[in-house]
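A closer look at the structure
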Protein chains: 2
Amino acid sequence: MTKEEANGATEEEQQAQSKKALKKQQKEAEKAAKKAEKQAKLAAEQQSADEDDFAKDRYGVSAMVQSQQKPDRALVRVEDLTPQKVDQLIWLRARVHTSRAKGKQCFLVLRQQQFNVQALVAVGDRASKQMVKFAANITKESIVDVEAMVRKVEQKIESCSQQDVELHIERIFVISQAEPRLPLQLEDAVRPDGDGEEEGRATVNQDTRLDNRVIDLRLPKTTTSQAIFRLQSGVCQLFRDTLTKKGFVEIQTPKIISAASEGGANVFTVSYFKSSAYLAQSPQLYKQMCICADFDKVFCVGPVFRAEDSNTHRHLTEFVGLDIEMAFNYHYHEVIDSITDTMVQIFKGLRDNFQTEIQTVSKQFPSEPFKFLEPTLRLEYTEALAMLREAGVEMGDEDDLSTPNEKLLGRLVKEKYDTDFYVLDKYPLAVRPFYTMPDPNNPKYSNSYDMFMRGEEILSGAQRVHDPQLLTERALHHQIDLEKIKSYIDSFRYGAPPHGGGGIGLERVCMLYLGLHNVRQTSMFPRDPKRLTP
Amino acid sequence: MTKEEANGATEEEQQAQSKKALKKQQKEAEKAAKKAEKQAKLAAEQQSADEDDFAKDRYGVSAMVQSQQKPDRALVRVEDLTPQKVDQLIWLRARVHTSRAKGKQCFLVLRQQQFNVQALVAVGDRASKQMVKFAANITKESIVDVEAMVRKVEQKIESCSQQDVELHIERIFVISQAEPRLPLQLEDAVRPDGDGEEEGRATVNQDTRLDNRVIDLRLPKTTTSQAIFRLQSGVCQLFRDTLTKKGFVEIQTPKIISAASEGGANVFTVSYFKSSAYLAQSPQLYKQMCICADFDKVFCVGPVFRAEDSNTHRHLTEFVGLDIEMAFNYHYHEVIDSITDTMVQIFKGLRDNFQTEIQTVSKQFPSEPFKFLEPTLRLEYTEALAMLREAGVEMGDEDDLSTPNEKLLGRLVKEKYDTDFYVLDKYPLAVRPFYTMPDPNNPKYSNSYDMFMRGEEILSGAQRVHDPQLLTERALHHQIDLEKIKSYIDSFRYGAPPHGGGGIGLERVCMLYLGLHNVRQTSMFPRDPKRLTP
């Protein structure tokens, strides 16, 4: 089961392979063989062109690292190349970011993630003419091992992260060769990102990036992707750590489910042996079952799936849900308080521990620093309606908020309260799902809430109906087939504590915290109705 | 997108509802109405049967908690009911575990998760005859709020977790009523678990448990489920914390993929808008892409899917993978060392912080404490073969290990080295997937490894081929269609560091650490070819 590997094609499949496919494979094999021959020839040329080369053992293409040996050689990190290392001979593994021959010298910039350093091969007693030529011909993005003397520089090297030193290379070996032509051109990647359909700009650029995500993620000067995903990793960690401290238990919920519990719309179908199943639109049923099983407070982090044909800047068909559910004593505001405090802990953790990442992103995508209040602002729906109406919006008491009105409200709230994060409480009952607890004081409203960052929704939640009889009534009111939600309703028949919760979209939180404008920037390998690769 | 809620059935679906379904719903509604009427009648009877009842405001069925108010009332936890609380009047919310009338008294056991306490309603100046009768009739598993005086007991109450005190109830209100008949009978749940097909015992009992998971998870005396899943939550946390400290970055990888990258067998198909897609069998391609994108060291925790029709004690169709991938310098043993150290940190963390859970489980399922060495034992495949042959097993040099031989080897290793955890290194190349790096010193073997706990495999991993040319050759050797794995091979064309990793099955780690015998015990809502619910 944990075998992460399958032994290639099955026998049946092999037999089914058409002649055409076999021919294609032969052609590929011939091509590969030809290429190998050519490369061997080149290597031979490079390494033995001049048998008289005194430095010939000091450079070349290494044999593939196949774990042949365990040399006792420490590799220094680029970020550790500081003046303290001056006049030391060190080994380093890095990518060739650029290389440029200049007379008897070759200047290289060597890179590791966001750190880079200038390096130099110069004809002299450690390097031959041939060695300089070899260095100049190494393709960009290749990985090299170099032995070099760390030298202090007189003038700061402004173009590199390591500004006080440079490397005088004494040995250089290619560990992994990059193809000469990169599929993603630097000049394309430098251009400011086309933010998508809303701004009306071209999205070609972003698609090219996503098609070549491996290289896009790697280039430090042109994208901020490394920083974005390190921050995303931080959001998950802060979310979990905060909740664990509050006594929540992490649970794992199944993604393949037998019935579409929430009515059947927008759900992906899976073929499951001789029958069929669905992909879970949220872990909600399972979170609630855990509450009924006395876990008291639970959270989970995992993929959720929405078969919505929405091609917007903020919709994905698969995203990561940060989900919370908890029993409360008397009032669902206990739940709101737990969630908002968790969000505040995340915001503080990012602010305090991820400044480098935030700064890196804001260089390419400038935005105002994210503002939040303590305690979190909580507005009631009717208050929000009043603010919108004052701003000229015409809306009925029980109408849902449109996306533009949500954004407008975000601006009005920011002006009035100076916060980018707030809770909108007491939504009209009519616009919420059947399992939402009605407001005991006003049957038109409900004990439900959304949370917003920079005017966009990042969480939706509510007190749930924990009484099977009221749940049945509400389902009938929504004309939902009781047969399909039988097991859901049955969960509450053997004593169920009052409870509530919510689901947060990880990619949206990262996007809005950083002030980005497209959720594809905060999803490493985004999935939407038009994208399933890489 | 983060909307965890869908507004019931679509219009189309509503229109499509047959008359039959509508009739059914009407019937259900009538039934519900009848039941409501009956309940109302009962409540009325209970509460107003005797208008002369002096205690009539001290008990009853509460109005549903609908967040009507925010009373300033602290609820005490059962686990905090110690002699320090003696003679205090407290409020408590708990389940009725048992209730038993005895003359003018009613004895209750009140429960919160694994904690319980004895409570008493006795006719006197705080409770009437009617109130005692009411308490005696509360159905098991109902949730109640009680106000009670904490009293010291002279003799320890052996049957409860809180042995030094009991509660003298002054008020009792039902917050959520359980149906009188539980679907899972206590006597069934007490019986030792049928461990499944391997022992040849009936599995009916386990299926009943799983069908009624909410109640199964809740019962503390009869199952150890709460302890198992708290420990599972601990494994995830220890895994992530250890790797984060080592400089690994957490990544999120997509589960819906466009092509079955590992040959196409055992993969679930998803209908994706007008086309189709697959569920990822492992995050491997994405982990490797992140290494090629210079993330250096990554991990992820998430569901993986296997469409294998295996009905054994250790196979699931959906399980949680703890995945690791990292670049290394010279030798893949750097990867093995990172993984084994991570496992050792998990074992130590469980041993040091989860003793209560371990003891709870071992009461119902006795097993030897889990043993491990530091550093972890690493055996080569040829050594293992020699041990097995000495024990009478006939096996060829390049044969894979059968499950019984794995278990036998586990016993031999335990005898010789006194460890339940070890690494088996250098598997025959022939039994590993195409992307496994061949051993540079012996072409029959490979730089790959499995890890075992109590003789069962929990991880499979290897140095991966990072050279696109060798990868092409190996794929052709395995007769894999190059067209289908083009994007995979292309990932390595722009400079790829040597790297390796592995995937761990969370449920298996928990099962084997605790010495359990069925993976369904460590999956909260297990999925196998025959089970998709709840």
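Residues numbered from 1 in each chain as written. Chains lettered and ligands numbered in written order. Predicted model: local features only at pLDDT ≥ 70, side-chain atom pairs only at ≥ 80, totals over all residues. Heavy atoms only, no water.

Across its full length, chain A carries 15 helices and 18 strands. Looking at chain A as a whole, 58% of its 534 residues are labelled buried. Here the analysis covers contacts within chain A between residues at least 6 apart in sequence; of these, 68% occur between residues at least 24 apart. For chain A, the exposed area adds up to about 22,200 Å²; of that, 47% sits on carbon and sulfur atoms. (Helix = DSSP H or I, 4+ residues; strand = E, 2+ residues; numbered from the N terminus. Buried < 20%, exposed > 50% of the residue type's maximum accessible area, 1.4 Å probe, protein only. Contact = heavy atoms within 4.5 Å. Areas by Shrake-Rupley, 256 points an atom, 1.4 Å probe, with all protein chains shown as cover.)

Let's shift gears to the domain arrangement of chain A. Annotation of chain A at the domain level lists domain 1 (73–176) and domain 2 (224–521). Summarising the inter-unit geometry, the C-alpha centres of domain 1 of chain A and domain 2 of chain A are found 49 Å apart. (Domains from an automatic or database assignment.)

All right, on to the interface of chain A and chain B then. With 165 residues of chain A at the interface, the matching set in chain B holds 163 residues. In this assembly, chain A packs against chain B so that about 13,900 Å² is buried in total across both faces, 54% of it on carbon and sulfur atoms. The tally of links from chain A across to chain B stands at ten salt bridges. With a shortest N-O distance of 2.8 Å, B:Arg240 and A:Glu250 are connected by a salt bridge. Seen at the junction of chain A and chain B, the total is 54 residue pairs in polar contact (both at pLDDT 80 or more). The element that contributes the greatest number of residues to the side of chain A that touches chain B is helix α7 (residues 225–245) of chain A, accounting for nine residues. Looking at the side of chain A that touches chain B residue by residue, the class counts come to 71 nonpolar, 49 polar and 45 charged. (Buried area = accessible area lost by both parts, 1.4 Å probe. Salt bridge = Lys/Arg side-chain N within 4 Å of Asp/Glu carboxyl O. Polar contact = N/O pair within 3.5 Å; in protein donor to acceptor, adjacent residues only side chain to side chain. Nonpolar A, V, L, I, M, F, W, Y, C, P; charged D, E, K, R; others polar.)

With that out of the way, let us pick up the packing of helix α9 (residues 333–353) of chain B against helix α10 (residues 355–364) of chain B. All names here are of chain B. Two elements in contact, α9 and α10, have axes whose closest approach is 5 Å; the angle formed by their N-to-C orientations is 80°. Taken together, the axis directions place α9 and α10 in an arrangement best described as roughly perpendicular. Contact residues: Leu-350, Arg-351 and Asn-353 in α9; Gln-355, Glu-357 and Ile-358 in α10. Grouping the amino acids of the contact of α9 with α10 by side-chain chemistry returns two nonpolar, two polar and two charged. (Axes fitted to C-alpha atoms, helices over the stretch in contact; angles between N-to-C directions. Parallel < 35°, antiparallel > 145°, perpendicular 65-115°, else oblique.)

For residues that are not glycine, phi is negative in most cases, and the peptide bond is trans in most cases. Here the residue pair B:Glu374 and B:Pro375 is connected by a cis peptide bond, since its omega of -5° sits within 30 degrees of zero. Even without a glycine there, the phi angle at A:Phe273 is positive, about 50°. In this structure, A:Phe273 sits in the loop between β10 (269–272) and β11 (275–279). Owing to a relative accessible area of 30%, A:Phe273 belongs among the partly exposed residues under this scheme. The phi dihedral of A:Asp296 is positive, around 75°, even though this residue is not glycine. Along the polypeptide, A:Asp296 turns up in the loop between α8 (284–292) and β12 (297–305).

A separate point is the side chain of A:Asp145. As for its placement among the helices and strands, A:Asp145 is situated in strand β6 (residues 143–152). Judged by its relative accessible area of 3%, A:Asp145 falls in the buried class. Only 2.7 Å separates the side chain of A:Asp145 from the side chain of A:Arg93, close enough to count as a polar contact. With residues up to four places along the chain from it excluded, the contact list for A:Asp145 reads A:Arg73, A:Trp91, A:Leu92, A:Arg93, A:Arg171, A:Ile172, A:Phe173, A:Ile175 and B:Tyr330.

Moving on: the pattern of salt bridges. Taken as a whole and assessed by the stated rule, the structure comprises 67 salt bridges over all chains. Between A:Asp294 and B:Arg95 there is a salt bridge, and its shortest N-O distance comes to 2.7 Å. Taken together, the residues A:Asp294 in the loop between α8 and β12 and B:Arg95 in strand β3 (residues 89–102) connect one chain to another. The residues A:Asp294 and B:Arg95 share a single accessibility class, namely buried. Among the salt bridges present, the one from A:Arg389 reaches A:Asp397, with a minimum N-O distance of 2.9 Å.

All names here are of chain A. Looking at chain A, the pLDDT average stands at 88 and 87% of residues meet or exceed 70. Confidence drops under a pLDDT of 50 for residues 1–11, and excluding neighbours within four residues, the segment shows 55 contacts in the predicted structure. Considering only residues more than four positions removed or in separate chains, one finds that residues 190–204, a stretch of pLDDT under 50, has 24 contacts. As a predicted assembly, this complex carries a pTM of 0.86 together with an ipTM value of 0.86. (pLDDT = per-residue confidence, 0-100.)

Quick look at the environment of B:Tyr422 now. Residues and elements named next belong to chain B. Mapping Tyr-422 onto the fold places it in strand β15 (residues 421–425). Sequence separation of Tyr-422 and Gln-469 is 47 residues, and the distance between their C-alpha atoms is 33 Å. Tyr-422 has contacts with Thr-376, Leu-377, Leu-379, Leu-409, Gly-410, Val-413, Asp-450, Met-451 and Phe-452, leaving out every residue within four places of it along the chain.

What follows concerns the relation of the copies chain A and chain B. In the superposition of chain A on chain B (RMSD 0.0 Å, axial shift 0.0 Å), the rotation amounts to 180°. Look at the turn and shift together and you get a two-fold axis relating the two. Scanning chain A for the C-alpha nearest the rotation axis identifies A:Val270, at a separation of 2.2 Å. Counting the interface residues of chain A, we find that 99% of their copies in chain B are interface residues as well, pointing to one common contact surface. (Least-squares fit on C-alpha atoms with pLDDT ≥ 70 in both.)

What follows deals with the sheet that holds β11(A). With respect to topology, six strands assemble into an open sheet ordered β9(A)-β11(A)-β10(A)-β10(B)-β11(B)-β9(B), the strand pairing being antiparallel. The open sheet has two edge strands, β9 (256–257) of chain A together with β9 (256–257) of chain B, and neither has a second partner. The sheet contact formed by β10(A) and strand β10 (residues 269–272) of chain B spans two bridges and is antiparallel. Within β10(B), the position partnered with A:Val270 by the bridge is B:Val270. (Pairing = 2+ DSSP bridges.)

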